[in-house]
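# A look at the structure
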Amino acid sequence: MSFALLEKQVQSLPQELQANIEMYALFVINQFKKTSAKKSKKRTATEILNSLSGIIPSSENISIKDIREERLQKRYEL
């Protein structure tokens, strides 16, 4: 449903109900802002990638392709 169509349908409702819908929408927006602000702890890109892929940090420059090849080798060695 498009926003314009939704807006028309809401405008056809009684004023009290329109106000309730507006208050609920504002509540949802504020809750989203509060939760996203709490989750915005900044980490370095390396930390994020390491946590997602399970890579052990090392001083060597390792590409994603190298990691994939290593994991495939380990998988097929078994």
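Residues numbered from 1 in each chain as written. Predicted model: local features only at pLDDT ≥ 70, side-chain atom pairs only at ≥ 80, totals over all residues. Heavy atoms only, no water.

What follows deals with the overall build of the protein chain. Scanning the protein chain from N- to C-terminus turns up four helices and zero strands. Ordered by position from the N terminus, the helices and strands of the protein chain form the series α-α-α-α. Carbon and sulfur atoms make up 59% of the accessible area of the protein chain, which amounts to about 7800 Å² in all. (Helix = DSSP H or I, 4+ residues; strand = E, 2+ residues; numbered from the N terminus. Areas by Shrake-Rupley, 256 points an atom, 1.4 Å probe, with all protein chains shown as cover.)

For helix 4 (residues 64-77), with 14 residues, the first-to-last C-alpha span of 20 Å sits near the 20 Å given by 1.5 Å per residue. Here helix 4 lies mainly on the outside; one of its 14 residues are buried. (Expected span 1.5 Å × (residues − 1). Buried < 20%, exposed > 50% of the residue type's maximum accessible area, 1.4 Å probe, protein only.)

Positionally, Gln18 belongs in helix 2 (residues 15-38). Of note is the side chain of Gln18, whose polar atom sits 3.3 Å from the backbone oxygen of Val10. Those residues in contact with Gln18 that sit more than four places away from it in its chain are Val10, Gln11, Ser12 and Leu13. (Polar contact = N/O pair within 3.5 Å; in protein donor to acceptor, adjacent residues only side chain to side chain. Contact = heavy atoms within 4.5 Å.)

Let's shift gears to the confidence of the model for the protein chain. Of all residues in the protein chain, 68% have pLDDT values of 70 or greater, and the mean over the chain is 76. The spread of mean pLDDT over the elements of the protein chain runs between helix 3 (residues 45-53), the lowest at 63, and helix 1 (residues 3-11), the highest at 85. (pLDDT = per-residue confidence, 0-100.)

Scanning the model with the defined rule gives one salt bridge in all. Its salt-bridge partner being Lys74, residue Glu70 comes within 3.3 Å of it at the nearest N-O pair. Here the residue Glu70 and the residue Lys74 both occupy positions in helix 4, the gap between them amounting to four residues, near one helical turn. The exposure class of Glu70 is partly exposed, given its relative accessible area of 40%. Among the residues examined, Lys74 registers a relative accessible area of 49% and is labelled partly exposed. (Salt bridge = Lys/Arg side-chain N within 4 Å of Asp/Glu carboxyl O.)

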